[in-house]
Amino acid sequence: MKKSKRHQTNLISMIIIVVTVVLLVFLSVCLYRQPSLEIRFNVLINWLSKIENAVAGLDSQVEILICIFALYIAKCQLPIPMGALCVISGIVFSLPNAIIINTVFIAFFYTVKYVEGLWIGGGWAMMILNIRQIKFIKQWVMFKGSGNPYILVVSRLVPSIPLGMVSKLYGSMHYDFVYYLCLSLLGFFPRLYIYTKIGTVIYNPFSREFIALLMVIVAFTGISCLVFNIFYGRKSRQMTQTLLLYSQKQKYRIVL
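Treat the numbers as computed from the prediction; the structure is a model and nothing was measured.

Caption draft 1: Inspection of the pattern of salt bridges at higher detail. According to the stated counting rule, one finds two salt bridges in the structure shown. Put simply, lysine 113 and glutamate 116 hold a salt bridge, and the shortest N to O gap is 3.0 Å. Residue lysine 113 and its partner glutamate 116 are located together in helix α6 (residues 95-120), separated by three residues, close to a single helical turn. Exposure class is identical for lysine 113 and glutamate 116. Each is buried. The shortest N-O distance in the salt bridge between glutamate 209 and lysine 197 comes to 3.0 Å. Residue glutamate 209 is located in helix α12 (residues 208-248), and its partner lysine 197 is located in helix α11 (residues 177-201); the two are separated by twelve residues in the primary sequence. A relative accessible area of 37% means that glutamate 209 is categorised as partly exposed.

Caption draft 2: Here's a closer look at a nonpolar patch on the surface. Together, Leu11, Ile15, Val19 and Leu23 make up a nonpolar patch on the protein surface, roughly 350 Å² of accessible area in all. As for its placement among the helices and strands, valine 19 is situated in helix α1 (residues 2-32).

Caption draft 3: Inspection of the packing of aromatic side chains at higher detail. According to the stated counting rule, one finds nine aromatic pairs in the structure shown. Plain terms: the ring middles of tyrosine 170 and tyrosine 175 are 5.4 Å apart, the flat faces sit at 90° to each other, and that makes the pair edge-to-face. Given the relative accessible area of 11%, tyrosine 175 is considered buried. Ring centres 6.1 Å apart and planes at 35° place the aromatic pair phenylalanine 177 and tyrosine 180 in the tilted group. Note that phenylalanine 177 and tyrosine 180 are positioned in helix α11 at a spacing of three residues, about one turn of the helix. For tyrosine 180, a relative accessible area of 0% corresponds to the buried category. An aromatic cluster is present here, built from Phe109, Tyr110, Tyr114, Phe177 and Tyr180 joined pairwise through their rings. Sitting over the ring of tyrosine 110, arginine 156 keeps its end group 4.2 Å from the ring centre.

About the thresholds
Residues numbered from 1 in each chain as written. Predicted model: local features only at pLDDT ≥ 70, side-chain atom pairs only at ≥ 80, totals over all residues. Heavy atoms only, no water. Salt bridge = Lys/Arg side-chain N within 4 Å of Asp/Glu carboxyl O. Helix = DSSP H or I, 4+ residues; strand = E, 2+ residues; numbered from the N terminus. Buried < 20%, exposed > 50% of the residue type's maximum accessible area, 1.4 Å probe, protein only. Patch = residues over 30% accessible without salt bridge, like charges linked within 9 Å, V, L, I, M, F, W, Y side chains within 5 Å. Areas by Shrake-Rupley, 256 points an atom, 1.4 Å probe, with all protein chains shown as cover. Phe/Tyr/Trp six-rings, centres within 6.5 Å; stacked < 30°, edge-to-face > 60°. Lys NZ or Arg CZ within 6 Å of the ring centre and 35° of its normal.

Next comes the structure, spelled out in structure tokens:
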């Protein structure tokens, strides 16, 4: 059992490393050959520039703002990527205005999911944490029942952790709302800035700035997933050993 779990953790870690390295090498080549790419795809860049000028000349930005807010409302129940919503705001508005808009709308999303947690409980997140083999994660997250603020910040920073699930979980724990909202926005802000910045430069996907931002996202996502996988693998093995000790002493009937 121990060797099997260790092999599984090592295999997943190797896959994460290979995929991350391949993507980074590909983007590095694109960054190195960026001038030639701009020349080769000059027609596409000119077409995107026309779209940018057309968007900048729109007089109905209030209507666009309402549409973006409607997408955030839909995000409360549909699996719409939060990064895509931030990019959309960056496409239409200037970077400072887009950051403000995304911050306000994301705060709205966090509030809705927090209230859901208050009324209907932690949902899937609590069901996952109640799995016996990962009870150590529940104890770490619950933090004596009051909620761990460090986990809240980190969960917003790591792209692979669902935002809504964590929000409902902290709502079900009746975590202080002001701290919850501030820590959530603080943890998500680096991702918010990068996603929004991508929206402002998306009209030239072959620019150095756009490629560099993609490299940052790929590197951070790969590293965070790798660290989480290694941490979970070690903690899972420790919990398995503890369960085996208890079962040998016949204190509990353990089913692995």
